[in-house]
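Structural features, examined
Chain by chain, the residues:
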Amino acid sequence: MSGKNLRVVIAGLGLRGTSESRFIHEHTHGMEIAGLVDVIGGRAELTRDYLEIDVPCFTDTGKALDAVKPDALMCFTTDCFHTGPVEEALKRNINVFCEKPMAVSLADCDRMIAAAKKSDAVFYMGFNMRHSPFHRTAYDIIQSGEIGDVLAINAAEYYYGGRTYFRRWNRHCKKSGGLWLTKTSHDFDLVSWLAGSDPEQVYALGSRRQFVAKPGAGKRCSECPLAGDCVDFQPLPKQPDKMEKFYAKWHELGIPHGYPPVDGCLYTDDTDTIDHGISSIKYKNGVCATVTLSVVTTPEVSRREMTIVGTKGMIQGDTEKGLNLSFRDLSKAPRRYDLKRLADGGHGGADPMMLADFVRTIREKKSPRASWADGRRSVEIGLAATQSMKVKQAVNLPL
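Reading the values: rules and limits
Residues numbered from 1 in each chain as written. Predicted model: local features only at pLDDT ≥ 70, side-chain atom pairs only at ≥ 80, totals over all residues. Heavy atoms only, no water. Helix = DSSP H or I, 4+ residues; strand = E, 2+ residues; numbered from the N terminus. Rg over C-alpha atoms; globule rule 2.2 N^0.38 Å. Buried < 20%, exposed > 50% of the residue type's maximum accessible area, 1.4 Å probe, protein only. Contact = heavy atoms within 4.5 Å. Areas by Shrake-Rupley, 256 points an atom, 1.4 Å probe, with all protein chains shown as cover. Phe/Tyr/Trp six-rings, centres within 6.5 Å; stacked < 30°, edge-to-face > 60°. Lys NZ or Arg CZ within 6 Å of the ring centre and 35° of its normal. Axes fitted to C-alpha atoms, helices over the stretch in contact; angles between N-to-C directions. Parallel < 35°, antiparallel > 145°, perpendicular 65-115°, else oblique. Left-handed = near helix turned anticlockwise from the far one by under 90°. Nonpolar A, V, L, I, M, F, W, Y, C, P; charged D, E, K, R; others polar. Pairing = 2+ DSSP bridges. Right-handed = clockwise from strand over helix to strand, strands pointing away. Polar contact = N/O pair within 3.5 Å; in protein donor to acceptor, adjacent residues only side chain to side chain.

Thoughts on the overall build of the protein chain
Within the protein chain, the secondary structure is distributed over twelve helices and 15 strands. Computed over the C-alpha atoms, the radius of gyration of the protein chain is 21 Å, within 12% of the 21 Å expected from 2.2 N^0.38 for a compact globule of 399 residues. In terms of overall dimensions, the protein chain has C-alpha extents of about 65 × 60 × 40 Å along its principal axes. In the protein chain, which comprises 399 residues, the proportion classed as buried is 54%. Sequence separation of 24 or more characterises 72% of the internal contacts of the protein chain that already satisfy a separation of 6 or more. Carbon and sulfur atoms make up 50% of the accessible area of the protein chain, which totals about 17,800 Å².

Looking at the packing of aromatic side chains
All told, the structure shown has nine aromatic pairs when counted by the stated rule. Pairing Phe97 with Tyr124 gives two aromatic rings, centres 5.9 Å apart and planes at 20 degrees, and the pair type is stacked. Placement of Phe97 in strand E5 (residues 95-99) and of Tyr124 in strand E6 (residues 123-126) is noted, with a sequence separation of 27 residues between them. On the accessibility criterion, Phe97 (0% relative accessible area) is buried. What links up through ring pairs into an aromatic cluster is the set Phe76, Phe97, Tyr124 and Phe358. Directly above the aromatic system of Tyr159 lies the positively charged group of Lys183, at a separation of 4.5 Å from the ring centroid.

Quick word on the packing of helix H3 (residues 61-68) against helix H4 (residues 83-90)
The contact between H3 and H4 brings their axes to 9 Å, and the two run at 30 degrees. Put simply, H3 runs roughly parallel to H4. Where H3 crosses over H4, the two elements pack in a sense that is right-handed. Contacts from Thr61, Gly62 and Leu65 in H3 reach Pro85, Glu88 and Ala89 in H4. The residue inventory of the contact of H3 with H4, partitioned by class, reads three nonpolar, two polar and one charged.

Things to note about the pairing of strand E2 (residues 31-37)
Within E2, six of the seven residues are buried, leaving the element largely enclosed by the surrounding structure. Two strands pair when backbone bridges link them, and strand E1 (residues 6-11) and E2 are joined in this way by six bridges, in the parallel orientation. Bridge pairing in E2 links Ala11 to Val37. In this region the chain leaves E1, passes through helix H1 (residues 15-27) and returns to the parallel neighbour E2; the handedness of that crossover is right-handed.

Section: the side chain of Ser388
With respect to the helices, strands and loops of the structure, Ser388 is situated in helix H12 (residues 372-391). Within the structure, Ser388 has its side chain in polar contact with the backbone nitrogen of Ala204 (distance 3.0 Å). Once you skip the residues sitting within four places of it in the chain, Ser388 turns out to touch Val202, Tyr203, Ala204, Gln393, Ala394 and Val395.

Structural notes on the pairing of strand E10 (residues 288-294)
Burial within E10 is extensive, with five of its seven residues counted as buried. Alignment of strand E7 (residues 150-158) against E10, held across seven bridges, turns out to be parallel. Residue pairing for E10: Ile153 is matched across the bridge by Ala289. If you look at the hairpin formed by strand E9 (residues 276-283) and E10, you'll find four residues sitting between the two strands, and Gly286 has a positive phi there, around 95 degrees.

Section: the sheet that holds strand E14 (residues 335-337)
Strand order across the open sheet formed by nine strands is E14-E13-E12-E11-E7-E10-E9-E8-E15, with mixed pairing between neighbours. Two strands lie at the open edges of the sheet, namely E14 and strand E15 (395-396), each paired on one side alone. In terms of strand pairing, strand E12 (residues 313-318) meets strand E13 (residues 322-327) through six bridges, oriented antiparallel. Looking at E13, one finds that Ile315 is bridged to Leu325. Contacts from helix H9 (residues 185-195) reach E7, E9, E10 and strand E11 (303-310), with the element oriented near 25 degrees to E9. Sitting on the sheet, H12 is in contact with strand E8 (199-207), E9 and E15, with an inclination near 55 degrees to E8.

So, in C-alpha coordinates, the structure goes:
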(Lines give C-alpha, C1' and ligand atoms only; values in the text may rest on other atoms or scores of the structure.)
Protein backbone atom coordinates (compact mmCIF):
# COMPACT_ATOMS: atom_id res chain seq x y z
CA MET A 1 0.00 0.00 0.00
CA SER A 2 3.04 2.25 0.40
CA GLY A 3 3.06 5.08 -2.12
CA LYS A 4 -0.53 4.48 -3.21
CA ASN A 5 -3.56 6.45 -2.16
CA LEU A 6 -5.76 4.80 0.43
CA ARG A 7 -9.09 3.88 -1.19
CA VAL A 8 -11.86 4.90 1.19
CA VAL A 9 -15.62 4.50 1.36
CA ILE A 10 -17.33 7.37 3.18
CA ALA A 11 -20.52 6.56 5.10
CA GLY A 12 -22.79 9.35 6.29
CA LEU A 13 -23.01 12.42 4.08
CA GLY A 14 -24.42 15.04 6.39
CA LEU A 15 -22.54 18.25 7.16
CA ARG A 16 -19.38 16.59 8.49
CA GLY A 17 -19.28 13.75 5.98
CA THR A 18 -19.84 16.08 3.03
CA SER A 19 -17.22 18.59 4.15
CA GLU A 20 -14.64 15.84 4.76
CA SER A 21 -15.45 14.25 1.40
CA ARG A 22 -14.82 17.57 -0.30
CA PHE A 23 -11.60 18.08 1.66
CA ILE A 24 -10.29 14.62 0.79
CA HIS A 25 -11.23 15.06 -2.87
CA GLU A 26 -9.55 18.47 -3.13
CA HIS A 27 -6.45 17.82 -1.00
CA THR A 28 -6.05 14.01 -1.06
CA HIS A 29 -3.79 13.58 2.03
CA GLY A 30 -2.98 10.12 0.73
CA MET A 31 -6.60 9.10 0.17
CA GLU A 32 -9.03 8.82 -2.69
CA ILE A 33 -12.78 8.34 -2.50
CA ALA A 34 -13.81 4.93 -3.84
CA GLY A 35 -17.47 4.91 -2.82
CA LEU A 36 -20.17 6.89 -1.01
CA VAL A 37 -22.90 5.65 1.35
CA ASP A 38 -25.93 7.33 2.86
CA VAL A 39 -29.18 5.80 4.07
CA ILE A 40 -31.15 8.67 2.53
CA GLY A 41 -31.71 7.62 -1.05
CA GLY A 42 -30.19 10.05 -3.51
CA ARG A 43 -27.89 11.87 -1.08
CA ALA A 44 -24.78 9.87 -1.98
CA GLU A 45 -25.44 10.52 -5.66
CA LEU A 46 -25.92 14.21 -4.92
CA THR A 47 -22.53 14.38 -3.18
CA ARG A 48 -20.90 12.45 -6.01
CA ASP A 49 -22.26 14.89 -8.58
CA TYR A 50 -21.31 17.90 -6.47
CA LEU A 51 -17.70 16.66 -6.20
CA GLU A 52 -17.70 15.67 -9.89
CA ILE A 53 -16.23 12.24 -9.20
CA ASP A 54 -17.08 8.89 -10.76
CA VAL A 55 -17.67 6.49 -7.87
CA PRO A 56 -20.47 4.04 -7.00
CA CYS A 57 -23.13 5.10 -4.49
CA PHE A 58 -25.04 2.99 -1.97
CA THR A 59 -27.62 3.13 0.82
CA ASP A 60 -26.20 0.04 2.59
CA THR A 61 -22.66 0.00 4.03
CA GLY A 62 -22.19 -3.79 3.84
CA LYS A 63 -23.08 -3.84 0.15
CA ALA A 64 -20.77 -0.91 -0.49
CA LEU A 65 -17.82 -2.62 1.20
CA ASP A 66 -18.40 -5.88 -0.67
CA ALA A 67 -18.65 -4.12 -4.01
CA VAL A 68 -15.80 -1.63 -3.60
CA LYS A 69 -13.42 -3.60 -1.34
CA PRO A 70 -11.77 -0.43 -0.02
CA ASP A 71 -8.76 -0.05 2.23
CA ALA A 72 -10.80 1.87 4.80
CA LEU A 73 -14.24 3.02 5.85
CA MET A 74 -14.72 6.56 7.16
CA CYS A 75 -17.86 6.77 9.30
CA PHE A 76 -19.54 10.18 9.62
CA THR A 77 -23.11 9.06 10.28
CA THR A 78 -25.35 10.54 12.98
CA ASP A 79 -23.76 9.80 16.37
CA CYS A 80 -26.24 7.07 17.33
CA PHE A 81 -25.66 5.17 14.06
CA HIS A 82 -21.87 4.65 14.13
CA THR A 83 -22.04 1.05 15.34
CA GLY A 84 -23.52 -0.68 12.29
CA PRO A 85 -21.16 0.67 9.61
CA VAL A 86 -18.11 0.22 11.86
CA GLU A 87 -19.00 -3.42 12.60
CA GLU A 88 -19.57 -4.11 8.90
CA ALA A 89 -16.07 -2.88 8.11
CA LEU A 90 -14.25 -4.58 10.97
CA LYS A 91 -15.74 -8.00 10.29
CA ARG A 92 -14.35 -7.69 6.75
CA ASN A 93 -10.92 -6.63 8.12
CA ILE A 94 -11.35 -3.18 6.60
CA ASN A 95 -9.69 -0.32 8.47
CA VAL A 96 -12.03 2.14 10.21
CA PHE A 97 -12.05 5.85 10.92
CA CYS A 98 -14.86 6.61 13.39
CA GLU A 99 -16.00 10.18 13.94
CA LYS A 100 -16.49 11.32 17.54
CA PRO A 101 -18.25 10.47 19.78
CA MET A 102 -17.67 6.75 19.41
CA ALA A 103 -21.34 6.09 20.26
CA VAL A 104 -24.09 7.34 22.56
CA SER A 105 -24.12 4.26 24.82
CA LEU A 106 -21.49 2.00 26.36
CA ALA A 107 -23.30 -1.02 24.94
CA ASP A 108 -22.70 0.25 21.40
CA CYS A 109 -19.09 1.06 22.25
CA ASP A 110 -18.60 -2.48 23.48
CA ARG A 111 -20.13 -3.93 20.31
CA MET A 112 -17.55 -2.07 18.24
CA ILE A 113 -14.74 -3.04 20.60
CA ALA A 114 -15.69 -6.72 20.34
CA ALA A 115 -15.59 -6.45 16.55
CA ALA A 116 -12.25 -4.62 16.66
CA LYS A 117 -10.67 -7.28 18.87
CA LYS A 118 -11.64 -9.98 16.36
CA SER A 119 -10.36 -7.97 13.41
CA ASP A 120 -6.90 -7.39 11.98
CA ALA A 121 -7.96 -3.91 10.88
CA VAL A 122 -7.11 -0.54 12.45
CA PHE A 123 -9.79 1.20 14.51
CA TYR A 124 -8.93 4.91 14.43
CA MET A 125 -10.93 7.25 16.67
CA GLY A 126 -11.55 10.64 15.06
CA PHE A 127 -10.51 12.92 17.91
CA ASN A 128 -9.16 15.65 15.68
CA MET A 129 -8.29 18.00 18.56
CA ARG A 130 -5.44 15.69 19.57
CA HIS A 131 -3.85 16.92 16.36
CA SER A 132 -4.39 20.65 16.87
CA PRO A 133 -1.13 22.62 17.15
CA PHE A 134 -2.07 23.89 20.62
CA HIS A 135 -2.95 20.55 22.21
CA ARG A 136 -0.20 18.62 20.45
CA THR A 137 2.38 21.13 21.74
CA ALA A 138 0.95 20.96 25.26
CA TYR A 139 1.13 17.17 25.19
CA ASP A 140 4.76 17.20 24.01
CA ILE A 141 5.74 19.62 26.78
CA ILE A 142 4.10 17.38 29.39
CA GLN A 143 5.87 14.33 28.00
CA SER A 144 9.22 16.16 28.12
CA GLY A 145 8.87 16.51 31.89
CA GLU A 146 9.42 20.27 31.86
CA ILE A 147 6.39 21.05 34.03
CA GLY A 148 6.87 17.98 36.21
CA ASP A 149 3.89 15.89 37.24
CA VAL A 150 0.52 17.23 36.16
CA LEU A 151 -1.65 18.27 39.10
CA ALA A 152 -4.66 20.01 37.60
CA ILE A 153 -6.17 20.85 34.22
CA ASN A 154 -8.75 23.55 33.58
CA ALA A 155 -10.26 23.35 30.09
CA ALA A 156 -12.98 25.54 28.63
CA GLU A 157 -14.73 25.66 25.28
CA TYR A 158 -16.73 28.73 24.35
CA TYR A 159 -18.24 27.83 21.00
CA TYR A 160 -20.29 30.35 19.10
CA GLY A 161 -20.79 27.88 16.26
CA GLY A 162 -22.21 25.39 18.75
CA ARG A 163 -25.56 27.12 18.64
CA THR A 164 -26.09 25.38 15.30
CA TYR A 165 -26.38 22.15 17.31
CA PHE A 166 -29.79 23.42 18.33
CA ARG A 167 -30.85 23.81 14.71
CA ARG A 168 -30.39 20.12 13.89
CA TRP A 169 -30.42 16.58 15.31
CA ASN A 170 -27.68 17.28 17.88
CA ARG A 171 -30.32 18.85 20.15
CA HIS A 172 -31.97 15.44 20.61
CA CYS A 173 -30.31 13.20 23.23
CA LYS A 174 -31.63 10.05 21.54
CA LYS A 175 -29.51 10.79 18.48
CA SER A 176 -26.55 12.66 19.97
CA GLY A 177 -26.36 11.52 23.58
CA GLY A 178 -26.66 15.17 24.64
CA LEU A 179 -24.12 17.99 24.54
CA TRP A 180 -21.75 16.27 26.99
CA LEU A 181 -21.26 13.59 24.31
CA THR A 182 -21.89 15.16 20.92
CA LYS A 183 -19.70 18.17 21.70
CA THR A 184 -17.65 17.70 24.84
CA SER A 185 -16.40 14.23 23.85
CA HIS A 186 -13.44 16.12 22.35
CA ASP A 187 -12.66 17.90 25.60
CA PHE A 188 -13.09 14.84 27.82
CA ASP A 189 -10.67 13.01 25.56
CA LEU A 190 -8.16 15.87 25.64
CA VAL A 191 -8.02 16.21 29.42
CA SER A 192 -7.76 12.42 29.82
CA TRP A 193 -4.95 12.30 27.23
CA LEU A 194 -3.08 15.14 28.94
CA ALA A 195 -3.73 13.74 32.44
CA GLY A 196 -2.34 10.38 31.35
CA SER A 197 -4.82 8.41 33.40
CA ASP A 198 -8.33 6.99 33.58
CA PRO A 199 -11.13 8.79 35.43
CA GLU A 200 -12.59 7.52 38.67
CA GLN A 201 -15.20 10.17 39.53
CA VAL A 202 -17.25 12.79 37.67
CA TYR A 203 -19.43 15.61 38.96
CA ALA A 204 -21.32 17.94 36.63
CA LEU A 205 -23.69 20.89 36.63
CA GLY A 206 -25.53 22.17 33.59
CA SER A 207 -28.77 23.45 32.21
CA ARG A 208 -30.48 24.96 29.19
CA ARG A 209 -31.25 28.61 29.83
CA GLN A 210 -30.93 30.26 26.43
CA PHE A 211 -32.23 27.86 23.79
CA VAL A 212 -35.67 27.22 25.25
CA ALA A 213 -39.01 27.35 23.44
CA LYS A 214 -40.00 30.87 22.42
CA PRO A 215 -43.75 31.46 21.94
CA GLY A 216 -44.59 32.66 18.45
CA ALA A 217 -41.28 31.70 16.90
CA GLY A 218 -41.31 30.32 13.36
CA LYS A 219 -39.65 27.08 12.29
CA ARG A 220 -37.10 28.99 10.23
CA CYS A 221 -35.55 32.43 10.58
CA SER A 222 -36.70 33.29 7.07
CA GLU A 223 -40.33 32.87 8.11
CA CYS A 224 -40.22 34.01 11.75
CA PRO A 225 -42.31 36.97 12.97
CA LEU A 226 -39.83 37.51 15.81
CA ALA A 227 -36.78 37.80 13.56
CA GLY A 228 -36.35 41.52 14.09
CA ASP A 229 -35.94 41.11 17.86
CA CYS A 230 -33.82 37.95 17.89
CA VAL A 231 -30.04 38.17 18.40
CA ASP A 232 -29.76 34.69 16.90
CA PHE A 233 -31.49 35.61 13.66
CA GLN A 234 -29.63 33.77 10.89
CA PRO A 235 -30.20 35.17 7.41
CA LEU A 236 -29.79 32.69 4.61
CA PRO A 237 -26.15 32.99 3.60
CA LYS A 238 -25.33 33.72 0.01
CA GLN A 239 -23.51 30.74 -1.45
CA PRO A 240 -21.75 30.12 -4.76
CA ASP A 241 -24.24 29.00 -7.40
CA LYS A 242 -22.96 25.42 -7.33
CA MET A 243 -23.41 25.16 -3.56
CA GLU A 244 -26.82 26.86 -3.65
CA LYS A 245 -28.02 24.21 -6.07
CA PHE A 246 -26.49 21.48 -3.92
CA TYR A 247 -28.30 22.69 -0.79
CA ALA A 248 -31.57 23.12 -2.70
CA LYS A 249 -31.40 19.48 -3.80
CA TRP A 250 -30.76 18.39 -0.22
CA HIS A 251 -34.12 19.82 0.74
CA GLU A 252 -35.77 18.22 -2.27
CA LEU A 253 -34.70 14.88 -0.77
CA GLY A 254 -36.69 15.68 2.35
CA ILE A 255 -33.71 16.40 4.59
CA PRO A 256 -35.05 18.47 7.51
CA HIS A 257 -34.35 22.10 8.24
CA GLY A 258 -31.27 22.76 10.29
CA TYR A 259 -29.01 21.77 7.47
CA PRO A 260 -27.74 24.27 4.93
CA PRO A 261 -29.06 26.76 4.39
CA VAL A 262 -28.83 26.92 8.19
CA ASP A 263 -31.75 29.07 9.36
CA GLY A 264 -33.74 26.59 11.45
CA CYS A 265 -35.07 28.02 14.72
CA LEU A 266 -32.93 27.57 17.84
CA TYR A 267 -35.92 28.09 20.12
CA THR A 268 -37.94 24.92 19.60
CA ASP A 269 -39.92 22.94 22.17
CA ASP A 270 -38.33 19.55 21.40
CA THR A 271 -34.78 20.22 22.65
CA ASP A 272 -33.68 18.00 25.53
CA THR A 273 -30.02 18.82 26.12
CA ILE A 274 -28.07 21.54 27.93
CA ASP A 275 -26.57 24.66 26.36
CA HIS A 276 -23.92 25.22 29.07
CA GLY A 277 -22.30 23.26 31.87
CA ILE A 278 -19.28 22.63 34.09
CA SER A 279 -17.88 19.19 34.91
CA SER A 280 -15.18 18.06 37.33
CA ILE A 281 -13.17 14.88 36.85
CA LYS A 282 -10.91 13.09 39.31
CA TYR A 283 -8.33 10.75 37.77
CA LYS A 284 -6.77 7.64 39.25
CA ASN A 285 -3.30 9.25 39.28
CA GLY A 286 -4.59 12.18 41.37
CA VAL A 287 -5.01 14.71 38.57
CA CYS A 288 -8.09 16.91 38.97
CA ALA A 289 -9.70 18.49 35.91
CA THR A 290 -12.57 20.78 35.07
CA VAL A 291 -14.23 21.10 31.69
CA THR A 292 -16.46 24.10 30.99
CA LEU A 293 -18.69 24.17 27.93
CA SER A 294 -20.92 26.95 26.66
CA VAL A 295 -22.52 27.42 23.27
CA VAL A 296 -24.07 30.67 24.50
CA THR A 297 -21.16 32.95 23.71
CA THR A 298 -19.95 35.58 21.26
CA PRO A 299 -17.85 35.19 18.10
CA GLU A 300 -14.98 37.19 19.62
CA VAL A 301 -14.27 34.61 22.33
CA SER A 302 -15.19 31.45 20.41
CA ARG A 303 -12.21 29.22 21.24
CA ARG A 304 -10.79 26.53 23.50
CA GLU A 305 -8.81 27.68 26.53
CA MET A 306 -6.65 25.56 28.82
CA THR A 307 -4.45 25.84 31.91
CA ILE A 308 -2.30 22.90 32.98
CA VAL A 309 -0.65 23.07 36.40
CA GLY A 310 2.40 20.92 37.06
CA THR A 311 4.79 20.48 39.98
CA LYS A 312 7.51 22.40 38.11
CA GLY A 313 5.60 24.74 35.83
CA MET A 314 2.44 25.71 34.00
CA ILE A 315 1.02 25.71 30.48
CA GLN A 316 -1.60 28.32 29.68
CA GLY A 317 -3.23 29.62 26.52
CA ASP A 318 -5.91 29.11 23.92
CA THR A 319 -6.35 27.90 20.37
CA GLU A 320 -6.44 31.46 19.01
CA LYS A 321 -3.54 33.18 20.77
CA GLY A 322 -1.14 30.30 21.31
CA LEU A 323 0.57 28.84 24.34
CA ASN A 324 2.62 30.16 27.27
CA LEU A 325 5.02 28.03 29.30
CA SER A 326 6.28 29.26 32.67
CA PHE A 327 8.26 27.73 35.54
CA ARG A 328 8.25 27.75 39.33
CA ASP A 329 12.04 28.00 39.12
CA LEU A 330 12.39 31.70 38.33
CA SER A 331 15.86 31.19 36.86
CA LYS A 332 14.15 29.57 33.87
CA ALA A 333 12.81 32.01 31.33
CA PRO A 334 9.18 31.57 30.26
CA ARG A 335 8.52 30.65 26.65
CA ARG A 336 5.85 31.71 24.17
CA TYR A 337 4.58 29.48 21.35
CA ASP A 338 2.85 31.30 18.50
CA LEU A 339 1.06 28.48 16.67
CA LYS A 340 -1.01 30.36 14.11
CA ARG A 341 1.34 29.42 11.28
CA LEU A 342 0.39 25.78 11.89
CA ALA A 343 -3.36 26.41 12.07
CA ASP A 344 -4.11 26.03 8.36
CA GLY A 345 -7.08 23.80 7.58
CA GLY A 346 -10.24 22.65 9.33
CA HIS A 347 -10.47 22.94 13.13
CA GLY A 348 -7.36 25.10 13.37
CA GLY A 349 -5.17 22.76 11.34
CA ALA A 350 -6.27 19.64 13.23
CA ASP A 351 -8.29 17.99 10.43
CA PRO A 352 -5.55 17.72 7.77
CA MET A 353 -3.05 16.47 10.35
CA MET A 354 -5.52 13.87 11.58
CA LEU A 355 -6.29 12.59 8.09
CA ALA A 356 -2.61 12.36 7.24
CA ASP A 357 -1.99 10.46 10.49
CA PHE A 358 -4.85 8.06 9.72
CA VAL A 359 -3.17 7.16 6.42
CA ARG A 360 0.23 6.90 8.06
CA THR A 361 -1.14 4.65 10.81
CA ILE A 362 -2.44 2.16 8.26
CA ARG A 363 0.62 2.27 5.99
CA GLU A 364 3.10 1.90 8.84
CA LYS A 365 0.93 -0.50 10.84
CA LYS A 366 1.37 1.64 13.96
CA SER A 367 -0.94 2.25 16.89
CA PRO A 368 -3.52 4.99 16.30
CA ARG A 369 -3.13 8.24 18.20
CA ALA A 370 -6.65 7.67 19.54
CA SER A 371 -8.09 4.16 19.73
CA TRP A 372 -11.38 2.50 20.64
CA ALA A 373 -10.28 2.55 24.30
CA ASP A 374 -10.01 6.34 24.17
CA GLY A 375 -13.37 6.59 22.42
CA ARG A 376 -15.10 4.50 25.07
CA ARG A 377 -13.49 6.42 27.93
CA SER A 378 -14.74 9.73 26.55
CA VAL A 379 -18.27 8.34 26.17
CA GLU A 380 -18.19 7.01 29.73
CA ILE A 381 -17.22 10.43 31.11
CA GLY A 382 -19.95 12.10 29.05
CA LEU A 383 -22.58 9.64 30.29
CA ALA A 384 -21.35 10.08 33.87
CA ALA A 385 -21.62 13.87 33.55
CA THR A 386 -25.16 13.52 32.22
CA GLN A 387 -26.08 11.15 35.05
CA SER A 388 -24.45 13.41 37.64
CA MET A 389 -26.68 16.31 36.62
CA LYS A 390 -29.74 14.12 37.09
CA VAL A 391 -28.85 12.67 40.49
CA LYS A 392 -27.18 15.91 41.67
CA GLN A 393 -24.12 14.19 43.06
CA ALA A 394 -20.78 12.79 41.95
CA VAL A 395 -20.80 9.58 39.91
CA ASN A 396 -18.13 6.93 40.39
CA LEU A 397 -16.56 5.12 37.45
CA PRO A 398 -16.71 2.61 35.93
CA LEU A 399 -20.41 2.95 35.27
